[in-house]
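The lines below spell out each chain.
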Amino acid sequence: MNALIIGFGSIARKHLAALHGIHPGATVTALRSSSAHDPVPGVTSIVSLDQLPQRPDFVIISNPTSLHGDSIRKAAELGCPLFVEKPVLSSLSDAPDIQRLVRERNLLTYTACNLRFHPVVRFLKQYLQDQALRVNEVNLYCGSYLPDWRPGKDYRTIYSANEEMGGGVHLDLIHEIDCCTWLFGMPDSSERLMRRCSSLEISAADFASYRLLYPGFTAGITLNYYRRDPKREIEIVTGSGTIHADLLACRVEGNGEVLFQAEPDMAGTYTAQMRYFLEHLESGSQPMNSIDEAIGVLRIALHEQAS
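Criteria and cut-off values
- Residues numbered from 1 in each chain as written.
- Predicted model: local features only at pLDDT ≥ 70, side-chain atom pairs only at ≥ 80, totals over all residues.
- Heavy atoms only, no water.
- Axes fitted to C-alpha atoms, helices over the stretch in contact; angles between N-to-C directions.
- Helix = DSSP H or I, 4+ residues; strand = E, 2+ residues; numbered from the N terminus.
- Parallel < 35°, antiparallel > 145°, perpendicular 65-115°, else oblique.
- Left-handed = near helix turned anticlockwise from the far one by under 90°.
- Contact = heavy atoms within 4.5 Å.
- Nonpolar A, V, L, I, M, F, W, Y, C, P; charged D, E, K, R; others polar.
- Buried < 20%, exposed > 50% of the residue type's maximum accessible area, 1.4 Å probe, protein only.
- Pairing = 2+ DSSP bridges.

## Some points on the packing of helix 3 (residues 95-104) against helix 8 (residues 291-302)
Relative orientation of the contacting elements helix 3 and helix 8 amounts to 165°, with a least axis distance of 10 Å. By the angle class used here, helix 3 and helix 8 are roughly antiparallel. Seen from above, helix 3 lies across helix 8 with left-handed handedness. Along its contact with helix 3, which presents Ala95, Ile98, Gln99, Val102 and Arg103, the element helix 8 presents Ile291, Asp292 and Ile295. The class makeup of the residues in the contact of helix 3 with helix 8 is 5 nonpolar, 1 polar and 2 charged.

## What to know about the pairing of strand 9 (residues 207-214)
The element strand 9 is extensively covered by neighbouring structure, given that 6 of its 8 residues are classed as buried. Bridge count between strand 8 (residues 189-195) and strand 9: 7 bridges; the pairing is antiparallel. Counterpart to arginine 195 in the pairing with strand 9 is phenylalanine 207. Here strand 9 hands over to strand 10 (residues 217-224) after 2 residues, with glycine 216 in that stretch at a positive phi of 95°.

## With respect to the sheet that holds strand 14 (residues 257-261)
Here 8 strands make up an open sheet; going across it, the order is 8-9-10-7-11-12-13-14 and the pairing mixed. Since the sheet does not close on itself, it has two edges, and those belong to strand 8 and strand 14, each with one partner. With direction set aside, neighbouring strand axes in the sheet form an average angle of 15°. Sheet topology places strand 7 (residues 135-145) next to strand 11 (residues 226-238); 9 bridges connect them, and they run antiparallel. What sits directly across from valine 138, in strand 11, is isoleucine 236.

Next up, the structure:
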């Protein structure tokens, strides 16, 4: 197993840990922005694709979102399957060219939204299919405190806080939009309110609210960077009662009963996601959440219609 990682920040290290957990002997090359970095055990660092020791079996793209378009183009030239960290792009200007390139080269692609592998979300997916419930309303909420995300580092310097780097709560927390569309399908239409107004004093949006309009119900999504007591929940109001899903506690309740409970293990979602991707890599079959699918979700996040 031979992988190339483009960008080697905190999220790349999570993908690396997941890969090595499954394939301890995997050979990994990291394309870095400069040679001024600390060596990483088991990883060969390069600063140009000309230094690539061999053609990789797949490419992980995990640099700042604003660089994804160029990175996807470079990786596509290698003709390798692509594992792209969410969000797939920071804007839709690159989307037609990227989609064309992927189609022309017939590339296997996967956009990494590890929340699809969260035990609570997986339970909800199956439960909704099995129960065939009449959904009346859905609410998703994700709020946490950006300065706590990377302890010891000035949060104002990370891409999440900087609009020009592809940051913003609407892109960083696109998981909730992706999760909603994975559970209920694409909406007929959507509405968005986005602001930068908190005490964080950052250039990127720190609040976003969406309304996804489905036949028969509406899904509301609220995202923020400034909540000191983290909260990540899904509420599904049905004709027979309300389902409360707490992703942080890894617990689902319905009408006063516990429907599902597991030990919280966010790291496990990265391992499950990588295993899923590698299984499709081996079989050659297209996994869920291709670049095309992820661009559809991105259109909702950016509140732009398809041309």
